[in-house]
Amino acid sequence: MSGGPWTLLWQTNGPIQIQGSRIFSPTLMEISKTVKINQLRIDMDMSASNSWCELDAVQVVGTPDETAPPTVVQPQPTVVQQWASRVVSFSSQYNNAGWSAQQILGQPKVYPRYGDIQGAWATSLVNRTHYIEVEFDAPIRLSSVHIYETFNPGAVVKLQGRMSGGPWTLLWQTNGPIQIQESRIFSPTLMEISKTVKINQLRIDMDMSASNSWCELDAVQVVGTPDGTAPPTVVQPQPTVVQWASRVVSFSSQYNNEGWSAHQILGQPKVYPHSGDIQGAWATSVYNTPQYIQVEFDAPIRLSSVHIYETYNPGAVVKLQGRMSSGPWTLLWQTNRPIQIQGSRIFSPTLMEISKTVTINQLRIDLDLSAANSWCELDAVQLVGWHRN
């Protein structure tokens with residue numbers, strides 16, 4: 001509002017050049033729905049085109065009311081998370097015991113450990129393509145697949161789904177197998193068709209040519225919605241909760257007990273928008289091993305967005321998990337590719353759909369500092385969501 005403080009609505013660190021006119025309509029942060037404005041500030045970086053960039057008009061759309069009126073909505077069906085319960089078919093298995101195809105069933109037995117460890121499915125050969133078909137108890141319309149890879153991840157090249165005995169539907173595919181030297185939860189971005197077909201079987205195809213060795217799968221989880229929808233109901237919009245980390249639960253290391261301690265991550269930003277090795281942000285004691293920090297928030301919420309204020313060598317965050325105090329962790333976002341960015345930024349990754357269905361008051365942030373080969377400092381962490389019913 002006129003004369004008031006600015007609220008960040010959207011940001012990127014990558015300007016681009018487009019040939020032609022367009023209407024630019026970025027996806028705004030959740031907080032934009034909770035603040036009332038009559039002024040807008042637009043910042044531009046013209047380094048990508050190295051030329052003039054011209055703006056013709058600006059339009060904003062919203063509601064003048066302080067609170068949106070009740071609306072009639074179709075409630076979303078319950079989200080189902082389930083592990084593979086039966087092996088339907090497979091190309092081969094290393095033996096009938098510790099590395100058999102049956103080891104892929106149920107929850108992980110090896111992850112997060114990495115190596116040629118009994119408890120995961122391994123094939124008998126490594127010099128050709130392999131597959132496994134597994135079944136799940138409840139037919140669902142799929143929103144995500146999570147494959148726990150514990151030895152030479154990167155061999156999965158195709159996912160297909162179907163109802164028992166029906167035709168296969170392609171859900172995801174790549175032509176480039178890779179080799180990764182650590183365990184991971186592989187959660188590929190599925191094709192849009194995955195949301196429209198009902199499945200209870202999943203086929204995983206593997207190409208082990210990148211590693212030329214065994215690639216072992218520990219478990220498979222699918223997330224989706226069952227058939228059936230509830231009748232329309234009138235619901236009152238829930239107030240958005242915006243909060244900063246209030247307590248450090250655990251951390252891997254800290255540079256010291258003062259200006260770069262883990263506790264510097266608490267509360268509102270002290271360094272941002274400045275960039276550099278500046279006291280007031282959490283820094284680790286070393287940067288040649290994976291690092292993490294776990295923080296707690298005052299109010300348990302269902303999550304809509306996470307905003308991490310990175311002030312030195314941004315790009316090291318590789319995994320976010322959430323939970324209620326002492327409960328099991330739920331994966332919210334992950335990447336296998338740390339990067340290095342010059343400058344500070346607010347990192348707001350696109351969370352998995354499951355983040356909207358679980359209530360959390362703790363967040364775990366994992367870092368991989370290998371891209372920068374230096375310290376990567378976090379100034380503050382903000383959660384946005386709504387109170388559970």
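Quick caveat, the model's predicted, so the values are computed rather than measured. (Residues numbered from 1 in each chain as written. Predicted model: local features only at pLDDT ≥ 70, side-chain atom pairs only at ≥ 80, totals over all residues. Heavy atoms only, no water.)

Novice: Can you lay out the layout of surface pockets for me, pointing to particular residues and giving the numbers?
Specialist: For the second largest pocket, the calculated volume is near 460 Å³. Tyr 148, Gln 221, Trp 329, Thr 330 and Leu 331 are the residues nearest the centre of the second largest pocket, which is lined by 24 residues in total. Among the elements of the structure, β2 (80-83), β4 (130-151), β14 (317-323), β15 (330-334) and β17 (359-367) are those that each provide at least two residues to the lining of the second largest pocket. Examining the composition of the lining of the second largest pocket, we find that four residues originate from one element, β14, more than from any other. For the lining of the second largest pocket, a count of residues per class yields 14 nonpolar, eight polar and two charged. (1 Å grid on protein atoms, 1.4 Å probe; cavity = no way out; pocket = protein on both sides within 12 Å on 5 of 7 lines; lining within 4 Å. Points joined across faces, edges and corners; volume = space filled by probe spheres on them. Helix = DSSP H or I, 4+ residues; strand = E, 2+ residues; numbered from the N terminus. Nonpolar A, V, L, I, M, F, W, Y, C, P; charged D, E, K, R; others polar.)

Novice: If you had to explain the confidence of the model for the protein to someone new, which residues and values would you point to?
Specialist: Overall, the prediction assigns the protein a mean pLDDT of 89, with 92% of residues at 70 or greater. Low pLDDT, under 50, characterises residues 65-69; the stretch is placed with three contacts to residues that sit more than four places away or in other chains. (pLDDT = per-residue confidence, 0-100. Contact = heavy atoms within 4.5 Å.)

Novice: I'd like a description of the packing of aromatic side chains, backed by residues and values.
Specialist: The final tally for this structure, using the stated rule, is 13 aromatic pairs. Aromatic pair Tyr 111 and Tyr 148: ring centres 5.2 Å apart, planes at 85 degrees, arrangement edge-to-face. Of this pair, Tyr 111 sits in the loop between β3 (86-90) and β4 while Tyr 148 sits in strand β4, and the two are 37 residues apart along the sequence. With respect to class, Tyr 111 is no different from Tyr 148; both count as buried. By way of ring pairs, the aromatic residues Tyr 255, Trp 260, Tyr 287 and Trp 375 are connected into one cluster. Positioned above the aromatic ring of Tyr 131 is the side chain of Arg 203, whose terminal nitrogen or guanidinium carbon lies 4.0 Å from the ring centre. Against the face of Tyr 292 rests Arg 364, its NZ or CZ located 4.1 Å from the ring centre. (Phe/Tyr/Trp six-rings, centres within 6.5 Å; stacked < 30°, edge-to-face > 60°. Buried < 20%, exposed > 50% of the residue type's maximum accessible area, 1.4 Å probe, protein only. Lys NZ or Arg CZ within 6 Å of the ring centre and 35° of its normal.)

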